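Here's the letter readout for the chains.
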Amino acid sequence: MKRPQIITVLVGAVVIAILYSLPRVVVENEDEFTTVEEVDSKTDPLETSSDQEAIENPHSFEILPEERENIDRLTDKVESSASTENFLIFADSLARAYQNQAVFDSSAKYFELVAEKSPGIESNKNAGQAYFDAFSTEVDPEKAQQLASKARLFFEKVLDEKDDVSSKNKLAMTYIASENPMRGIVMLREILEESPNNEEAIFNLGVLSIQSGQYDKAIDRFENLIELNPSNLQAQIFLGVSYLETGKKNLAKEQFTKIKDQTDDPEVIAIAESYLKEIN
């Protein structure tokens with residue numbers, strides 16, 4: 001499994017770590033349905049220079065040697081581009097090169113530059129997704145919230161022009177990490193009101209149920225999701241965790257054994273084996 005795919009499988013664990021710092025009442029109120037209009041709309045874009053600097057100066061990652069030369073070449077092209085057309089081509093290529101190496105904050109920086117010079121649904125969605133990926137894999141809660149704020153700005157621009165359910169899902173999760181988390185819960189529930197089998201919304205609510213310690217509810221979410229998509233490894237892992245947390249050790253053991261049989265990725269296998277050791 002390639003590095004970005006490994007990150008995707010494990011990203012939920014990082015999101016949960018961030019969400020554990022949030023008020024538990026957020027998800028405990030999940031069953032109290034309200035509309036988005038009834039929740040205060042409080043956006044919190046980056047306002048201070050220190051916040052902006054934290055985003056624009058991403059931390060360094062180890063990049064595979066064979067990709068470093070390509071990234072350096074594209075960086076030179078971006079900095080020396082004399083025309084907007086060339087700048088957009090090279091900046092987009094550089095953003096994707098960083099994305100392929102799972103260096104999401106650097107990828108987001110260049111997708112944002114593209115969106116600034118060529119605004120539109122696609123460019124705003126690319127920037128929002130990159131900032132969301134950076135938010136989802138950032139272990140520092142303060143910086144994660146800054147990245148979430150940036151992602152939120154771009155997803156809101158997408159939704160201003162188009163009803164895009166994937167962008168709405170991700171926008172909801174950025175609100176969960178904001179000062180207005182109930183707005184995110186409401187948005188996720190609205191998605192399921194319109195599309196009960198939306199896998200992304202089911203997964204997100206399952207993660208939030210784990211965050212609040214509502215493991216029985218998480219089991220319902222992840223069992224439902226696995227019925228819809230048996231190959232969803234994230235859901236498989238979190239279902240096993242939820243079984244274990246509710247004392248259903250036999251089901252947890254069966255679940256983690258099944259995960260090992262479904263993948264040859266060493267990272268995922270290591271996760272499953274660590275839980276199996278705990279059970280035994």
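Residues numbered from 1 in each chain as written. Predicted model: local features only at pLDDT ≥ 70, side-chain atom pairs only at ≥ 80, totals over all residues. Heavy atoms only, no water.

(A) Quick look at the overall build of the chain. Of the regular secondary structure elements, the chain holds 15 helices and zero strands. Per-residue burial over the chain gives 49% buried out of 280 residues. Taking all contacts inside the chain whose residues are at least 6 apart in sequence as the whole, residues at least 24 apart take part in 59%. As presented, the chain carries roughly 13800 Å² of accessible surface, and 46% of it is formed by carbon and sulfur atoms. (Helix = DSSP H or I, 4+ residues; strand = E, 2+ residues; numbered from the N terminus. Buried < 20%, exposed > 50% of the residue type's maximum accessible area, 1.4 Å probe, protein only. Contact = heavy atoms within 4.5 Å. Areas by Shrake-Rupley, 256 points an atom, 1.4 Å probe, with all protein chains shown as cover.)

(B) Region of the structure containing the packing of aromatic side chains. This model, assessed by the stated rule, comprises eight aromatic pairs. Pairwise contacts between aromatic rings join Phe132, Phe135 and Phe155 into one cluster. Seen from the ring of Phe87, Lys117 lies directly overhead, with NZ or CZ sitting 5.2 Å from the centre. The residue whose ring lies beneath Arg183 is Tyr175, and the NZ or CZ to ring-centre distance is 5.3 Å. (Phe/Tyr/Trp six-rings, centres within 6.5 Å; stacked < 30°, edge-to-face > 60°. Lys NZ or Arg CZ within 6 Å of the ring centre and 35° of its normal.)

(C) Quick look at the nonpolar core. Formed by 70 residues in total, the largest nonpolar core has its most connected members in Phe222 and Phe256. Here this core takes eight residues from helix H13 (residues 233–245), the largest share from any one element. (Core = buried A, V, L, I, M, F, W, Y, C linked by side-chain atoms within 4.5 Å.)

(D) Up close: helix H11 (residues 199–211). For H11, built from 13 residues, the straight-helix expectation of 18 Å at 1.5 Å per residue is met to within 8% by its first-to-last C-alpha distance of 18 Å. Among the 13 residues that make up H11, 11 are buried, leaving the element largely enclosed by the rest of the structure. Among the residues of H11, those classed as buried are Ala201, Ile202, Phe203, Asn204, Leu205, Gly206, Val207, Leu208, Ser209, Ile210 and Gln211. For H11, the capping residue at the N-terminal end is Asn198, with a side-chain oxygen 3.3 Å from the backbone nitrogen of Glu200. Count one or two residues on from H11 and you reach Gly213, which has phi positive near 80°. (Expected span 1.5 Å × (residues − 1). Polar contact = N/O pair within 3.5 Å; in protein donor to acceptor, adjacent residues only side chain to side chain.)

(E) Molecular detail of the pattern of salt bridges. Enumeration according to the criterion identifies eight salt bridges in this entry. For the salt bridge of Asp72 with Arg68, the shortest nitrogen-to-oxygen distance reads 3.4 Å. One end of the pair is Asp72 and the other is Arg68, both in helix H4 (residues 65–80) and four residues apart, which spans about a single turn. (Salt bridge = Lys/Arg side-chain N within 4 Å of Asp/Glu carboxyl O.)

(F) Molecular detail of the confidence of the model for the chain. Here the chain shows a mean pLDDT of 83. Residues at 70 or above account for 78%. Per-element confidence in the chain ranges from a low mean pLDDT of 42 for helix H3 (residues 49–56) to a high of 97 for helix H6 (residues 104–117). Under a pLDDT of 50 for its full length, residues 1–14 has, in the predicted model, 31 contacts with residues more than four places off or in other chains. The model gives residues 32–60 a pLDDT under 50, and that stretch makes 50 contacts with residues more than four places away or in other chains. (pLDDT = per-residue confidence, 0-100.)

(G) Representation of the side chain of Ser107 in the model. Tracing the backbone shows Ser107 in helix H6. The class of Ser107 is buried, set by a relative accessible area of 0%. Discounting chain neighbours no more than four positions away, the residues touching Ser107 are Ala95, Tyr98, Gln99 and Ala130.

(H) Expanded view of unusual backbone geometry. One non-glycine residue with positive phi stands out, namely Ala102, at about 60°. Within the fold, Ala102 resides in the loop between helix H5 (84–100) and H6.

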